[in-house]
Amino acid sequence: MKVMNWRIERTGYDQNQITSYGNRFLTGNGYMGIRGTLEEYTKEQLAAVNLAGVYDRVGQGWREPLNAPNPLYTCLKVDGEYYRLPDKEAKKHSFTLDFRHGICSRKTVWHTLRGDVCIESEHFADLCDPHIIRMKYAVKTKFHGDIEVLTGIDADVWDINGPHYDEISLQEEDNTLIARATTHEKGDHVYVTEQVTVDFPCEMKTKSDPLTLQHRICFVTEPEREYCIEKTAAVYTDHDGTQAEFLAGEAVRADHAGAYQTGKRRHCEAWERLWAVAEVQITGDDEAMYALNYSIYHLQCIAPRHTDSLSIAARGLSGQTYKGAVFWDTEMFMLDFFLYTQPAVAKTLLKYRIDTLPGALQKAKEYGYQGAFYAWESQEGGYDACTDYNVTDVFTGRPMRTYFKDKQVHISAAIVSGIMRYVNTTGDDSLLTEGGYEVIYECARFYYSLLTKRVDREQYEILDVIGPDEYHERVNNNGYTNRMAKYVLETAAALLAYQAIPHRDGVNRQETAGSEGGWQMWAGRFEEAAEKLYIPQPDKTGIVEQFDGYRKLEDVSIEEVRGRLLNEKEYWGGAYGVASHTQIIKQADVATWMNLFPQDFAKQIMERNWNYYEPRTEHGSSLSACMYAMLACKCDNPDKAYPFFLKSANADLSDGGKEWAGLVYIGGTHPAAAGGAYMTAIEGFAGIYMENGELKAEPHLPKNWSEMRFHIWALEELYEVCVKRPDELQTSYTVTLHKVSG
Ligand code: BGC
């Protein structure tokens with residue numbers, strides 16, 4: 001697979017790659033993600049137009065985001081015979097993603113008895129209008145042929161836990177095809193409309209059956225002439241307001257010949273505007289540069305620019321895996337990219353957490369805690385989609401009790417950290433007054449209520465949790481969790497001391513807290529708790545235990561543990577997983593902690609822990625590699641970081657990512673890894689950080705990189721940054737932080 005000059009290109013056809021290409025060639029505009037599939041694909045090939053933040057649940061299945069009826073569906077008949085992949089073997093086939101402009105295209109040639117027929121098509125999710133999809137489909141033959149193109153809306157959508165539409169109505173009105181689908185749970189509507197334009201004589205009829213509505217376009221070809229069909233489609237849902245149906249109709253009605261070209265030009269210009277800030281240039285390493293910008297492309301495709309309160313799912317907009325739920329991935333792995341390149345999107349992501357605070361308060365109450373316990377797998381309204389039985393045992397087919405939902409308490413701290421990073425990087429504290437203060441206060445109350453006091457010493461502990469390493473459940477004093485909780489308590493205490501935390505509905509938190517004993521009392525309690533909260537310390541060899549008793553677990557190699565698997569899809573963690581009783585961990589845990597709090601450790605200690613934990617890390621999550629990469633940079637070792645950086649940047653370009661957890665399919669794109677690659681490049685290699693309201697850099701470039709150039713927003717100023725490796729006469733890097741605008 002070639003990844004050069006902003007294109008990924010696959011020549012030849014491989015049926016086994018249908019699923020992975022669906023992710024790799026994805027296009028999107030934040031409102032929707034279009035899987036990278038061919039026009040003739042149906043649900044069998046996982047064709048999908050995945051919608052951001054719109055969910056449905058059927059029966060006992062998992063609630064998951066909706067896939068809209070697919071308006072791209074198109075197939076070809078020559079002399080009455082279907083020519084479509086994968087059924088009909090192609091003579092030539094290539095599939096391309098222009099990731100500079102978010103355009104997916106294909107060229108396929110089939111051999112027919114009368115000569116070759118060729119299709120060239122392209123489509124994109126319009127960046128200028130989040131509801132619009134545009135497509136061009138051109139047919140060329142080497143002979144006079146009887147051609148039929150069937151193009152329309154396929155409402156027989158791919159679902160994991162569907163079907164989600166109880167009712168689907170399909171109709172044609174003045175050449176506009178209209179699909180109106182009604183969801184099962186809430187009776188919400190999804191509207192899909194489309195218009196096609198052709199610039200050649202043809203016969204156009206409408207063909208429909210219960211789940212598809214198509215234009216049947218029949219024409220006779222002249223040899224070597226291109227016959228081009230252009231399509232504009234619109235997708236709206238009831239979430240877009242009461243006018244959604246009307247707007248969906250209007251959006252395509254004005255369609256006219258040439259609209260595709262104009263739409264494409266504007267769309268490309270919009271992408272160029274994004275790249276003007278987000279592109280990262282690396283001199284000396286094209287492979288890394290393209291992989292990194294490809295990661296950035298994926299983050300741009302899923303950025304919610306069309307709203308002011310929405311977050312991003314763990315698998316982006318690549319489908320329904322992981323229930324389309326929002327995890328800590330957003331705040332801890334993706335957020336920094338948006339902070340530095342599109343602060344408004346960063347705010348939108350965090351507003352989602354502010355708006356879902358009621359769900360977090362409710363969850364805490366249900367578990368007998370105070371404050372805000374955020375959903376581990378958050379959906380609309382902060383509903384926790386994580387179930388008590390989140391993995392299926394491969395041997396018995398039975399659901400396994402897992403504790404992700406109950407015990408991964410570090411989620412609330414990730415949100416506080418995200419809010420504070422927003423405030424510190426942008427200098428904009430409106431997020432605090434718009435509900436951020438309250439979130440921080442409630443998260444601190446949550447951690448306060450989790451504390452266990454040891455009666456024999458003045459020490460608080462946090463027992464029975466799951467840290468980032470999910471293979472070890474229900475452990476005591478996970479260092480990462482305790483340190484993050486301490487940070488939340490300290491932050492809340494400082495904010496309370498600085499000013500009373502205002503309540504979103506205008507009631508002053510000073511009064512609210514006052515009714516429960518006074519805000520000063522809470523500030524004092526948080527401060528004391530932060531001080532006495534036990535934080536594991538390095539032992540005499542310099543190693544910090546991931547949790548109480550970790551070092552006493554069996555110390556074996558990953559290979560040894562892998563060799564104990566009886567089934568390749570078997571879950572490694574939980575009650576009797578192969579890793580649970582060993583020191584093998586799923587993902588960076590202590591490394592994540594050290595990355596976030598490097599001031600707590602000497603470099604030598606960080607390095608020792610890197611060396612201890614990395615060989616014991618299975619990297620069973622795509623979130624893992626970037627944390628080791630960034631920690632290696634903090635230990636002044638960019639070359640050690642480099643392969644881990646590349647692993648993150650290539651997460652959606654290479655094969656081999658985990659597709660199964662037990663019997664649950666978890667494939668899709670990996671936006672957290674993409675965000676991790678960006679963080680490693682900008683904060684690790686270029687070494688960008690904020691100190692006392694000032695932007696600074698402490699670079700550590702990998703050996704082949706002579707220079708990095710990029711832009712970042714900080715404190716409401718856009719900076720052009722250039723980092724240059726010292727030449728023979730210099731001893732230190734040259735860093736230029738040039739203000740472009742304010
Ligand atoms: C990881 C979590 C992550 C989730 C979603 C899991 O495999 O262990 O840390 O939040 O995937 O990406």
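About the criteria used
Per chain, residue numbering runs from 1 following the sequence as it is written. At least 70 in pLDDT is required for a residue's local features to be given in this predicted model, at least 80 for side-chain atom pairs to be given and counted, and no such filter applies to totals for whole chains, interfaces and linings, which use all residues. Water and hydrogen atoms play no part in the side-chain values, which are based on all heavy atoms of the structure. Strands are runs of DSSP state E lasting at least 2 residues, helices are runs of H or I lasting at least 4, and numbering of each runs from the N terminus. In this treatment the radius of gyration is a C-alpha quantity, and the globule benchmark scales as 2.2 Å times the residue count to the 0.38 power. Each residue gets one of three labels from its accessible area relative to the maximum for its type: buried under 20%, exposed over 50%, partly exposed in between, using a 1.4 Å probe on protein chains only. Contact definition: two residues touch when any of their heavy atoms are within 4.5 Å. A 1.4 Å probe and the Shrake-Rupley method give the accessible areas. Residues count as covered only by the protein chains that appear here. Asp and Glu count as negative and Lys and Arg as positive, but His and the ends of the chain are not part of the count. Taken as the charge centre is NZ of Lys, CZ of Arg, CG of Asp or CD of Glu, depending on the residue. Nearness here has a simple test: a residue counts as near a molecule or strand if at least one of its heavy atoms is within 4 Å of that partner. Think of a polar contact as two N or O atoms within 3.5 Å of one another; within protein, one of them needs to be a possible hydrogen donor and the other a possible acceptor, and neighboring residues in sequence only count if both atoms come from side chains. Side-chain rings of Phe, Tyr and Trp, where Trp is taken by its six-membered ring, are said to pair if the distance between their centres is within 6.5 Å; with planes under 30 degrees apart they count as stacked, over 60 as edge-to-face, and otherwise as tilted. Over a ring means this: the NZ of a Lys or the CZ of an Arg is within 6 Å of the ring centre and within 35 degrees of the ring normal. Expected span of a helix, by definition, is 1.5 Å for each gap between consecutive residues, and there is one gap fewer than residues. The rule for pairing is simple: two strands pair if DSSP sees at least two bridges between them. Note that the arc is computed from the directions linking the helix axis to the C-beta atoms. As a rule, the C-alpha atoms of each element are fitted with a line to give its axis, helices using only the stretch in contact, and angles between N-to-C directions run from 0 to 180 degrees. Confidence of the predictor in every single residue is expressed as pLDDT, which spans 0 to 100. Within this document, salt bridges are pairs made up of a side-chain nitrogen of Lys or Arg and a carboxyl oxygen of Asp or Glu, the two lying within 4 Å of each other. Note on terminology: angles under 35 degrees are roughly parallel, angles over 145 are roughly antiparallel, angles of 65 to 115 are roughly perpendicular, and the others are oblique. The residue classification treats Ala, Val, Leu, Ile, Met, Phe, Trp, Tyr, Cys and Pro as nonpolar and Asp, Glu, Lys and Arg as charged. All others, Gly included, are polar. Note: crossing handedness is left-handed where the near helix turns anticlockwise from the far helix by less than a right angle, and right-handed where it turns clockwise. The disulfide criterion used throughout: a pair of cysteine sulfur atoms within 2.5 Å.

**What about the overall build of the protein chain?**
Of the regular secondary structure elements, the protein chain holds 19 helices and 31 strands. Taking 27 Å as the expected radius of gyration for a compact globule of 742 residues, we find that the protein chain reaches 27 Å, a close match to that expectation. Across the 742 residues that make up the protein chain, the buried fraction comes to 62%. Contacts spanning at least 24 positions in sequence make up 67% of the contacts within the protein chain whose residues lie at least 6 apart. Surface accessibility of the protein chain: about 27900 Å² in total, with carbon and sulfur atoms responsible for 47%. A gap of 2 Å separates the mean positions of the 77 positive and 108 negative side-chain charges of the protein chain.

**Description of the site of the ligand**
The environment of the ligand is formed by Ala-314, Tyr-322, Phe-327, Trp-328, Asp-329, Trp-376, Glu-470, Lys-586, Gln-587, Ser-621 and Leu-623. Here an oxygen atom of the ligand sits 2.6 Å away from a polar atom, N or O, in the side chain of Gln-587. If the ligand stood free it would expose 310 Å²; the protein chains cover 95% of that surface.

**Some words on the packing of aromatic side chains**
By the definition in use, this model includes 46 aromatic pairs. These aromatic residues form a ring-pair network of at least three members: Trp-6, Phe-99, Trp-271, Trp-275, Tyr-290, Tyr-294 and Tyr-297. Taking NZ or CZ as reference, Arg-401 lies 4.2 Å from the ring centre of Tyr-403, over its face. Over the aromatic face of Trp-522 sits the side chain of Arg-525, whose NZ or CZ is 4.5 Å from the ring centroid.

**A closer look at the environment of Ser-20**
As for its placement among the helices and strands, Ser-20 is situated in helix H1 (residues 18-24). Note: C-alpha distance between Ser-20 and Gly-668 (648 residues apart in sequence) is 7.6 Å. Here Gln-17 takes part through its side chain, which lies 2.7 Å from a polar atom of the side chain of Ser-20.

**Let's talk about helix H11 (residues 479-498)**
Along an α-helix, a turn takes 3.6 residues, which lines up residues three or four apart on a common side. Helix length check: H11 (20 residues) gives 28 Å between terminal C-alpha atoms against 28 Å at 1.5 Å per residue, within 8%. Counting buried positions over the 20 residues of H11 gives 16, a clear majority of the element.

**Re the sheet that holds strand E5 (residues 49-56)**
Read across the open sheet, the four strands follow the order E3-E4-E5-E6; overall the sheet is antiparallel. A strand with exactly one partner marks an edge of an open sheet, and here the two such strands are strand E3 (27-28) and strand E6 (64-68). By the bridge criterion, two bridges tie E3 to strand E4 (residues 32-34) in an arrangement that is antiparallel. In the strand pairing of E4, Gly-28 is matched with Gly-33.

**A few points about helix H16 (residues 603-613)**
Those residues of H16 that fall on the buried side of the exposure criterion are Ile-605, Met-606, Asn-609, Trp-610, Tyr-612 and Tyr-613. Down the axis of H16, the buried set is contained in an arc of 165°. They therefore lie on one face. On the buried face of H16, the contacting elements are helix H15 (590-596), helix H17 (624-634) and helix H18 (638-649).

**Overview of the sheet that holds strand E29 (residues 707-714)**
Read from one edge of the open sheet, four strands run E20-E29-E30-E31, paired in antiparallel fashion. Two strands in the sheet have a free side with no partner beyond their single neighbour: strand E20 (281-283) and strand E31 (734-741). The mean inter-strand angle of the sheet, taken between neighbouring strand axes irrespective of direction, is 20°. Of the pairings in the sheet, the one linking E20 to E29 comprises three bridges and is antiparallel in character. Within E29, the position partnered with Thr-283 by the bridge is Glu-707.

**A word on the pairing of strand E9 (residues 92-98)**
For E9, the tally of buried residues reaches six of seven residues, placing the bulk of the element in the interior. The pairing of strand E2 (residues 7-11) with E9 spans five bridges and is antiparallel. Its bridge partner lying in E9, Arg-7 is registered against Asp-98. As judged from the seven bridges shared by E9 and strand E10 (residues 103-112), these two strands associate in the antiparallel manner. Bridge pairing links Thr-96 to Ser-105 in E10. Taking the residues between adjacent antiparallel strands as the criterion, E9 and E10 are bridged by four residues, where Gly-102 takes a positive phi near 60°.

**Some thoughts on the confidence of the model for the protein chain**
Here the protein chain averages 94 in pLDDT, and 96% of its residues register 70 or above. Taken as a whole, residues 504-515 scores under 50 in pLDDT and shows 29 contacts with residues more than four places along the chain or in a different chain.

**Details of the pattern of salt bridges**
Applying the stated criterion across every chain, the model contains 50 salt bridges. In this structure, Lys-347 engages Glu-434 in a salt bridge whose closest nitrogen and oxygen atoms are separated by 3.4 Å. Linking Lys-347 in helix H6 (residues 343-355) with Glu-434 in helix H10 (residues 430-450), this pair joins segments that are 87 residues apart in sequence. For Glu-461, the salt bridge identified is with Arg-454, shortest N-O distance 3.5 Å. By relative accessible area, Glu-461 is classed as buried at 5%. The structure contains a network of salt bridges with shared partners spanning Lys-453, Glu-458, Glu-528 and Lys-532.

**Focus on the packing of helix H7 (residues 357-366) against H10**
H10 packs onto H7 with a crossing angle of 10° between their chain directions and a minimal axis gap of 11 Å. By the angle class used here, H7 and H10 are roughly parallel. Along its contact with H7, which presents Leu-357, Leu-361 and Ala-364, the element H10 presents Glu-438, Val-439, Glu-442 and Phe-446. Here the contact of H7 with H10 is built from residues that sort into five nonpolar, no polar and two charged.

**A few points about the packing of helix H3 (residues 259-278) against helix H4 (residues 286-301)**
Each pair of packed helices can be described by the angle between their axes along with the distance between the axes. Where H3 meets H4, the axes come as close as 12 Å, and the angle between the chain directions of the two elements is 125°. In this view, H3 runs oblique relative to H4, as classed from their interaxial angle. As H3 runs across H4, the sense of the crossing is right-handed. Between H3 and H4, the residues in contact are Trp-271, Leu-274, Trp-275 and Ala-278 and Asn-293, Ile-296, Tyr-297, Gln-300 and Cys-301, respectively. Grouping the constituent residues of the contact of H3 with H4 by class yields seven nonpolar, two polar and no charged.

**Topic: the state of the cysteines**
Scanning the model with the defined rule gives zero disulfides in all. Its sulfur unpaired, Cys-228 is 12 Å from the next cysteine sulfur, which belongs to Cys-202. Free of any disulfide, Cys-722 has its nearest neighbouring cysteine sulfur in Cys-633, separated by 18 Å. Residue class for Cys-722 comes out buried when judged on its relative accessible area of 7%.

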